[in-house]
Amino acid sequence: MSTYVVIAYRWGCTNLHQYLVYAGPDRTKAEALAHSENDDRGGKYGVAVYEFDTDGTGYKEVAYWGAGMNNEEHPSHN
């Protein structure tokens, strides 16, 4: 079973402020919370959903809602 982790990145930058939004087994919940967090923060935070494999060593980005001003497709290092 996969685990999903949702992280919010200020202005979509991985090296600025970031915080955990959700971690758990439900992808639908992870994506809904990520989209909601992005809306609730007024576009200041880009929010990514990552899917981790069963042993927690591999992961991939499965969804991303970008920060409003940057229009980025993925979080990036500033």
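Definitions and cut-offs
Residues numbered from 1 in each chain as written. Predicted model: local features only at pLDDT ≥ 70, side-chain atom pairs only at ≥ 80, totals over all residues. Heavy atoms only, no water. Helix = DSSP H or I, 4+ residues; strand = E, 2+ residues; numbered from the N terminus. Polar contact = N/O pair within 3.5 Å; in protein donor to acceptor, adjacent residues only side chain to side chain. Salt bridge = Lys/Arg side-chain N within 4 Å of Asp/Glu carboxyl O. Buried < 20%, exposed > 50% of the residue type's maximum accessible area, 1.4 Å probe, protein only. Pairing = 2+ DSSP bridges. Axes fitted to C-alpha atoms, helices over the stretch in contact; angles between N-to-C directions. Contact = heavy atoms within 4.5 Å.

Peer 1: How should the side chain of Asn38 be read in this particular structure?
Peer 2: When you line up the elements, Asn38 lands in helix 1 (residues 27-40). Engagement of the side chain of Asn38 in a polar contact is seen with the backbone oxygen of Trp65, the distance being 3.3 Å.

Peer 1: What is the right way to read the pattern of salt bridges from this model?
Peer 2: If the charged atoms of two oppositely charged side chains come close together, the side chains can form a pair. Across all of its chains, the model carries 2 salt bridges by this definition. The salt bridge partner of Glu31 is Arg27, with a shortest N-O separation of 2.8 Å. With Glu31 and Arg27 both in helix 1 and 4 residues apart, the pair spans about one turn of that helix. The exposure class of Glu31 is partly exposed, given its relative accessible area of 24%. With a shortest N-O distance of 3.8 Å, Lys60 and Glu51 are connected by a salt bridge.

Peer 1: Is there a simple way to think about the sheet that holds strand 3 (residues 45-52) in this case?
Peer 2: To summarise the sheet geometry, strands pair through backbone hydrogen bonds and adopt either a parallel or an antiparallel arrangement. With antiparallel pairing, the 4 strands of this open sheet are ordered in space as 2-1-3-4. Strands with a single pairing partner mark the edges of an open sheet, and in this sheet they are strand 2 (18-24) and strand 4 (59-65). For this sheet, the mean angle separating the axes of adjacent strands, direction not counted, is 25 degrees. As judged from the 6 bridges shared by strand 1 (residues 3-10) and strand 2, these two strands associate in the antiparallel manner. Bridged to Tyr4 within strand 2 is Gly24. The strands touched by helix 1 within the sheet are strand 1, strand 2, strand 3 and strand 4, with strand 3 carrying the most contacts at an inclination of about 170 degrees.

The values are spatial; any link to function lies outside them.
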